[in-house]
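What follows is the residue order along each chain.
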Amino acid sequence: PFTFRQRPTPLAGDLRPAWRMSLVLLMLLHSRGKKATLQKLHVLNSACRSMGTRSDFLRYVQGEARKDEIIPRVEPSLNRALNLARGEGLVEIENGKNIKLTSAGLKLAKQLDETSDCLDAEKAFLTKVGSFATEGRVEDLFTWNVSL
């Protein structure tokens, strides 16, 4: 005889809404003016996914890799995390273009940034690429010059 029992389905850490929303707050905290376009957030989100993607992006920043080696992924889970953060009053949309931390979001982002043993790899990565990841450079990642 067989016995079937319902068991919880494990969910990878990078798919959990709390992790993704925390990452959004940190990405905005480390961005110029505490704001960023959706395109920039997708690039940073894609680069933050794993040790390998962080390493590849850092190689690109340092000029050791071509931009076709780090093709950014556009993930719906980031959009859901942004909607959740907006619903919680942590982010707002500025001029229909930029996503910006609210005062509550800034306070929470600073707490996350100061907490040890919490998203350490992601915080270190965002600190390293903060000055490089300007909107112009992010836009360049999506621009391809194809010669046939």
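Read on for an overview of the structure. (Residues numbered from 1 in each chain as written. Predicted model: local features only at pLDDT ≥ 70, side-chain atom pairs only at ≥ 80, totals over all residues. Heavy atoms only, no water.)

## Observations regarding the pattern of salt bridges
Counted by the stated rule, this structure contains 9 salt bridges. As a salt-bridge pair, Glu75 and Arg20 come within 3.4 Å of each other at their nearest N and O atoms. With Glu75 in the loop between helix 3 (51–61) and helix 4 (76–87) and Arg20 in helix 1 (residues 17–29), this residue pair connects regions lying 55 residues apart in the sequence. When its relative accessible area of 7% is taken as the criterion, Glu75 is described as buried. The exposure class assigned to Arg20 is buried, which follows from its relative accessible area of 1%. A salt bridge links Arg66 to Asp68; the shortest N-O distance between them is 3.0 Å. (Salt bridge = Lys/Arg side-chain N within 4 Å of Asp/Glu carboxyl O. Helix = DSSP H or I, 4+ residues; strand = E, 2+ residues; numbered from the N terminus. Buried < 20%, exposed > 50% of the residue type's maximum accessible area, 1.4 Å probe, protein only.)

## Observations regarding the nonpolar core
One recurring pattern in soluble globular proteins is that nonpolar side chains are buried together. Ranked by size, the top nonpolar core spans 38 residues in total, and within it Met27, Leu28, Leu41, Phe57, Phe125 and Leu126 carry the most contacts. Breaking this core down by element, the ones donating at least two residues are helix 1, helix 2 (38–48), helix 3, helix 4, strand 3 (98–101), helix 5 (103–114), helix 6 (120–129) and helix 7 (135–141). Sorting elements by how many residues they give to this core places helix 1 first, with 9 residues. Apart from the residues within four sequence positions on either side, Phe125 is in contact with Ala47, Cys48, Arg54, Phe57 and Leu58. (Core = buried A, V, L, I, M, F, W, Y, C linked by side-chain atoms within 4.5 Å. Contact = heavy atoms within 4.5 Å.)

## Quick word on the environment of Trp144
Along the chain, Trp144 falls in the segment after helix 7. Separated by 76 residues in the primary sequence, Trp144 and Asp68 have C-alpha atoms spaced 8.9 Å apart. Setting aside its immediate chain neighbours within four residues, Trp144 contacts Lys67, Asp68 and Ile71.

## A short note on the side chain of Glu122
Along the polypeptide, Glu122 turns up in helix 6. Of the side chains with opposite charge, Arg54 lies nearest to the buried Glu122, which makes no salt bridge, at 4.2 Å. Excluding anything up to four places from it in sequence, Glu122 contacts Trp19, Leu23, Cys48 and Arg54. (Lys, Arg positive; Asp, Glu negative; His and termini not counted.)

## Comments concerning the environment of Ala47
Along the chain, the position of Ala47 falls in helix 2. Since its relative accessible area comes to 4%, Ala47 is described here as buried. Contacts of Ala47, omitting those with residues within four sequence positions, involve Thr53, Arg54, Phe57 and Phe125.

## Brief notes about the state of the cysteines
By definition, a disulfide links the sulfur atoms of two cysteines through a covalent bond. Following the criterion strictly, the structure yields 0 disulfides and no others. As a non-bridged cysteine, Cys118 has Cys48 as the owner of its nearest cysteine sulfur, 13 Å distant. (Disulfide = S-S within 2.5 Å.)

Scope: geometric values only; no functional claims are made or implied.
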